[in-house]
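Below are the chains, spelled out letter by letter.
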Amino acid sequence: MRYAIVIEKAKDNYSAYSPDLPGCVATGATIEETETELLAAIQFHLDGLREDGLASLPAESVIGHMFVPAQPFAPGDAPCNESCKGREK
């Protein structure tokens, strides 16, 4: 199974978590160490669920990136996505 992960830079290290596995976190001095630690944490977490007779949590999170323009749109000039269809002026 593939779980989405988030790695964040902290002041002196990195921290990581999986949005689909609440409470499953890890830290490390480097990104690579953090990934290794998080993999171990996820395996431990899933082993614990199995030992308790619980189902593994589904991997449902979607990872993406969003472009944010340096210059904000003027009111009324923002491109319309699906959520505003039919409400255009």
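Below is a short write-up of the structure. Not measured: the values here are computed from a predicted model. (Residues numbered from 1 in each chain as written. Predicted model: local features only at pLDDT ≥ 70, side-chain atom pairs only at ≥ 80, totals over all residues. Heavy atoms only, no water.)

With that settled, consider the overall build of the protein chain. The helix and strand inventory of the protein chain stands at 1 helix and 3 strands. Listing the helices and strands of the protein chain from first to last along the sequence gives β-β-β-α. Counting the 89 residues in the protein chain, one finds 18% classified as buried. Nonlocal contacts in the protein chain, meaning residues at least 24 apart in sequence, comprise 30% of its contacts between residues at least 6 apart. Roughly 7,200 Å² of accessible area belongs to the protein chain as shown, and the carbon and sulfur atoms make up 56% of that amount. (Helix = DSSP H or I, 4+ residues; strand = E, 2+ residues; numbered from the N terminus. Buried < 20%, exposed > 50% of the residue type's maximum accessible area, 1.4 Å probe, protein only. Contact = heavy atoms within 4.5 Å. Areas by Shrake-Rupley, 256 points an atom, 1.4 Å probe, with all protein chains shown as cover.)

Enumeration over the complete set of coordinates arrives at 1 salt bridge. Note that D47 and R50 form a salt bridge whose closest N and O atoms lie 2.5 Å from each other. Here R50 and D47 lie together in helix α1 (residues 31-51), a separation of 3 residues that amounts to about one turn. Look at D47 and you get partly exposed, because its relative accessible area is 34%. (Salt bridge = Lys/Arg side-chain N within 4 Å of Asp/Glu carboxyl O.)

It is characteristic of soluble globular proteins that their nonpolar side chains tend to be buried jointly. Of all hydrophobic cores here, the largest spans 10 residues; its members are Y3, A16, L21, C24, A26, L38, A41, I42, L46 and L49. Element by element, the count of residues in this core is highest for α1, at 5 residues. Leaving out residues up to four positions away in the same chain, Y3 has contacts with S18, D20, L21, I42, L46, S56, L57, P58 and A59. (Core = buried A, V, L, I, M, F, W, Y, C linked by side-chain atoms within 4.5 Å.)

It is worth spelling out the sheet that holds strand β2 (residues 14-17) at this point. The strands that make up a sheet are held in pairs by hydrogen bonds between backbone atoms, and each pair lies either parallel or antiparallel. Strand order across the open sheet formed by 3 strands is β1-β2-β3, with antiparallel pairing between neighbours. The open sheet has two edge strands, β1 (6-9) and β3 (25-28), and neither has a second partner. Within this sheet the neighbouring strands show an average axis-to-axis angle of 20°, counted without direction. Examined bridge by bridge, β2 and β3 share 4 bridges and lie antiparallel to one another. Each bridged residue has a counterpart across the sheet, and for S15 the counterpart in β3 is T27. Of the strands in this sheet, β1, β2 and β3 are in contact with α1, which crosses β3 at around 150°. (Pairing = 2+ DSSP bridges. Axes fitted to C-alpha atoms, helices over the stretch in contact; angles between N-to-C directions.)

Positionally, S18 belongs in the loop between β2 and β3. The class for S18 is buried, based on a relative accessible area of 2%. With residues up to four places along the chain from it excluded, the contact list for S18 reads Y3, A4, I5, C24 and I42.

The next subject is the pairing of β1. Pairing analysis gives 4 bridges linking β1 to β2, with the strands arranged antiparallel. Bridged to I7 within β2 is A16.

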